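# Inside the fold
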Amino acid sequence: MDLNVIQCKNEYYELAQKYLKKIDFVELGINFDEIVSKSISILLNHDFIQTPCIEIKLELYRNQIKTANYFLYVDEKKKFIDEFLY
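Residues numbered from 1 in each chain as written. Predicted model: local features only at pLDDT ≥ 70, side-chain atom pairs only at ≥ 80, totals over all residues. Heavy atoms only, no water.

## Regarding the nonpolar core
In terms of nonpolar packing, the biggest core is built from 19 residues, with Tyr 12, Leu 20, Ile 56, Tyr 70, Leu 72 and Val 74 touching the most fellow members. Of all elements in the fold, only α1 (9-20), β2 (53-62) and β3 (65-74) reach the threshold of two or more residues within this core. A per-element tally of this core places α1 first, with 6 residues. Discounting residues that sit within four places of it in the chain, Leu 72 has contacts with Leu 15, Ala 16, Tyr 19, Ile 54, Glu 55, Ile 56, Phe 80, Asp 82 and Glu 83. (Core = buried A, V, L, I, M, F, W, Y, C linked by side-chain atoms within 4.5 Å. Buried < 20%, exposed > 50% of the residue type's maximum accessible area, 1.4 Å probe, protein only. Helix = DSSP H or I, 4+ residues; strand = E, 2+ residues; numbered from the N terminus. Contact = heavy atoms within 4.5 Å.)

## Points about the pattern of salt bridges
This structure, assessed with the given rule, holds 3 salt bridges. In the salt-bridge network here, residues are joined through shared partners; they are Lys 57, Glu 59 and Lys 66. (Salt bridge = Lys/Arg side-chain N within 4 Å of Asp/Glu carboxyl O.)

## Describing the packing of aromatic side chains
Counted according to the given criterion, the structure contains 5 aromatic pairs. A centroid spacing of 5.2 Å and a plane angle of 25° characterise the contact between Tyr 19 and Phe 80, whose relative ring orientation is stacked. One end of the pair, Tyr 19, is in helix α1; the other, Phe 80, is in strand β4 (residues 80-85), and 61 residues separate them in sequence. What makes Tyr 19 buried here is its relative accessible area of 19%. Its relative accessible area of 33% is what places Phe 80 among the partly exposed residues. The interplanar angle of 45° and the centroid separation of 5.5 Å between the aromatic rings of Phe 84 and Tyr 86 together place this pair among those described as tilted. The partly exposed category is assigned to Phe 84, whose relative accessible area is 40%. These aromatic residues form a ring-pair network of at least three members: Phe 71, Phe 84 and Tyr 86. Between the NZ or CZ atom of Lys 22 and the centre of the ring of Tyr 19, over which it lies, the distance is 4.7 Å. (Phe/Tyr/Trp six-rings, centres within 6.5 Å; stacked < 30°, edge-to-face > 60°. Lys NZ or Arg CZ within 6 Å of the ring centre and 35° of its normal.)

## Here we look at the sheet that holds β4
Think of a sheet as strands paired side by side through backbone hydrogen bonds, with each pair either parallel or antiparallel. One open sheet accounts for 4 strands, arranged β1-β2-β3-β4; its pairing is antiparallel. At either end of the open sheet lies a strand with only one pairing partner, and these are β1 (34-43) and β4. Ignoring strand direction, the axes of neighbouring strands in this sheet form an average angle of 20°. Strands in contact with α1 are β1, β2, β3 and β4; relative to β2, the strand with the most contacts, it is inclined by about 60°. (Pairing = 2+ DSSP bridges. Axes fitted to C-alpha atoms, helices over the stretch in contact; angles between N-to-C directions.)

## A word on the side chain of Lys 57
Along the chain, the position of Lys 57 falls in strand β2. Overall, Lys 57 belongs to the buried group, its relative accessible area being 16%. Once residues within four sequence positions are removed from consideration, Lys 57 is found in contact with Tyr 13, Val 36, Ser 37, Lys 38, Ser 39, Asn 69, Tyr 70 and Phe 71.

As structure tokens, this is what we get:
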């Protein structure tokens, strides 16, 4: 896996926000007014996610209180693997 993630971290965060915007939050009952780019990790071994891959974590806040976490999993070519919201 190419480790150029460090140089492209803003692109990864933008990609995660792009996928996040596709989610219907009204239906899920989640309200947020701020997105915080939290972390980017390289996963080499995971029980239910195809690896190796890149995990991008965003935190969603409402009135300065964290309401949810969003994880986007992509391969080294930035191709979607999976996403997780909780």
